[in-house]
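Per-entry structural report
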Amino acid sequence: QVQPVESGGGLVQAGGSLRLSCAASGRIFGINSMGWYRQAPGKQRELVARITVGGSTDYADSVKGRFTISRDGAKNWVYLQMNSLKPEDTAVYYCNIVRWSTDYWGQGTQVTVSS
């Protein structure tokens, strides 16, 4: 089993930046991808960005050009640099790790963007 451990998040004004970090602890062999999802009040959880072990990335259309995902493979960390934040980016952000086709979730970190 692998456990995502998140850090970062907080309150920022619109147009500002935040960086989220997630470390994979436990059984890290066999990790296929790491990424971030978010869930706003009353909405479904949605993919924000993910990166595979091969370095391929996927982004939600709403964050393309503003968010950047990166991974430190040696340390099994994944980062989400969020720039030009908007109030609609306000949500709980969850780190996701896929290992042997099984999803593992962090506890979530709140990101609040004020207008």
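Relevant structure appears above.
Keep in mind that this is a model prediction, so the values were computed, not measured.

1. Concerning the pattern of salt bridges
Counting across every chain of the model gives 5 salt bridges. For Arg 50, the salt bridge identified is with Asp 58, shortest N-O distance 3.1 Å. One network of salt bridges, in which partners are shared, links Arg 38, Glu 46, Arg 66 and Asp 89.

2. Re the side chain of Asn 96
For Asn 96, the position within the fold is in strand β9 (residues 91-99). Under the relative-accessibility criterion, Asn 96 is labelled buried at 3%.

3. Here we look at the packing of aromatic side chains
Aromatic ring pairs are described here by two measures, namely the spacing of the ring centres and the angle between the planes. For the coordinates displayed, the defined rule picks out 3 aromatic pairs. For the pair Tyr 37 and Trp 105, a centre-to-centre distance of 5.0 Å together with 75° between the ring planes defines the contact as edge-to-face. Pair noted here: Tyr 37 is in strand β4 (residues 31-39) and Trp 105 is in strand β10 (residues 102-105), with a separation of 68 residues, a long-range link. Exposure remark for Trp 105: the relative accessible area of 33% places this residue in the partly exposed category. Their ring planes at 10° and their centres at 6.1 Å tell us that Trp 77 and Tyr 79 sit as a pair that is stacked.

4. Examining the pairing of strand β7 (residues 67-72)
Strand direction decides the pairing type here: β7 and strand β8 (residues 77-82), joined by 6 bridges, are antiparallel. In the strand pairing of β8, Phe 67 is matched with Met 82. The hairpin formed by β7 and β8 contains 4 residues between the paired strands, and Asn 76 there has a positive phi angle of roughly 55°.

5. A few points about the pairing of strand β11 (residues 109-114)
Because side chains alternate across β11, one face comprises the buried residues Thr 109, Val 111 and Val 113, and the other comprises Gln 110, Thr 112 and Ser 114, none of which is buried. Sheet analysis places strand β2 (residues 10-13) next to β11, joined by 4 bridges and oriented parallel. Bridge pairing in β11 links Val 12 to Val 113. By the bridge criterion, 3 bridges tie β9 to β11 in an arrangement that is antiparallel. Each bridged residue has a counterpart across the sheet, and for Ala 91 the counterpart in β11 is Val 111.

Here is what the cut-offs are and how they apply
- Residues numbered from 1 in each chain as written.
- Predicted model: local features only at pLDDT ≥ 70, side-chain atom pairs only at ≥ 80, totals over all residues.
- Heavy atoms only, no water.
- Salt bridge = Lys/Arg side-chain N within 4 Å of Asp/Glu carboxyl O.
- Helix = DSSP H or I, 4+ residues; strand = E, 2+ residues; numbered from the N terminus.
- Buried < 20%, exposed > 50% of the residue type's maximum accessible area, 1.4 Å probe, protein only.
- Phe/Tyr/Trp six-rings, centres within 6.5 Å; stacked < 30°, edge-to-face > 60°.
- Pairing = 2+ DSSP bridges.

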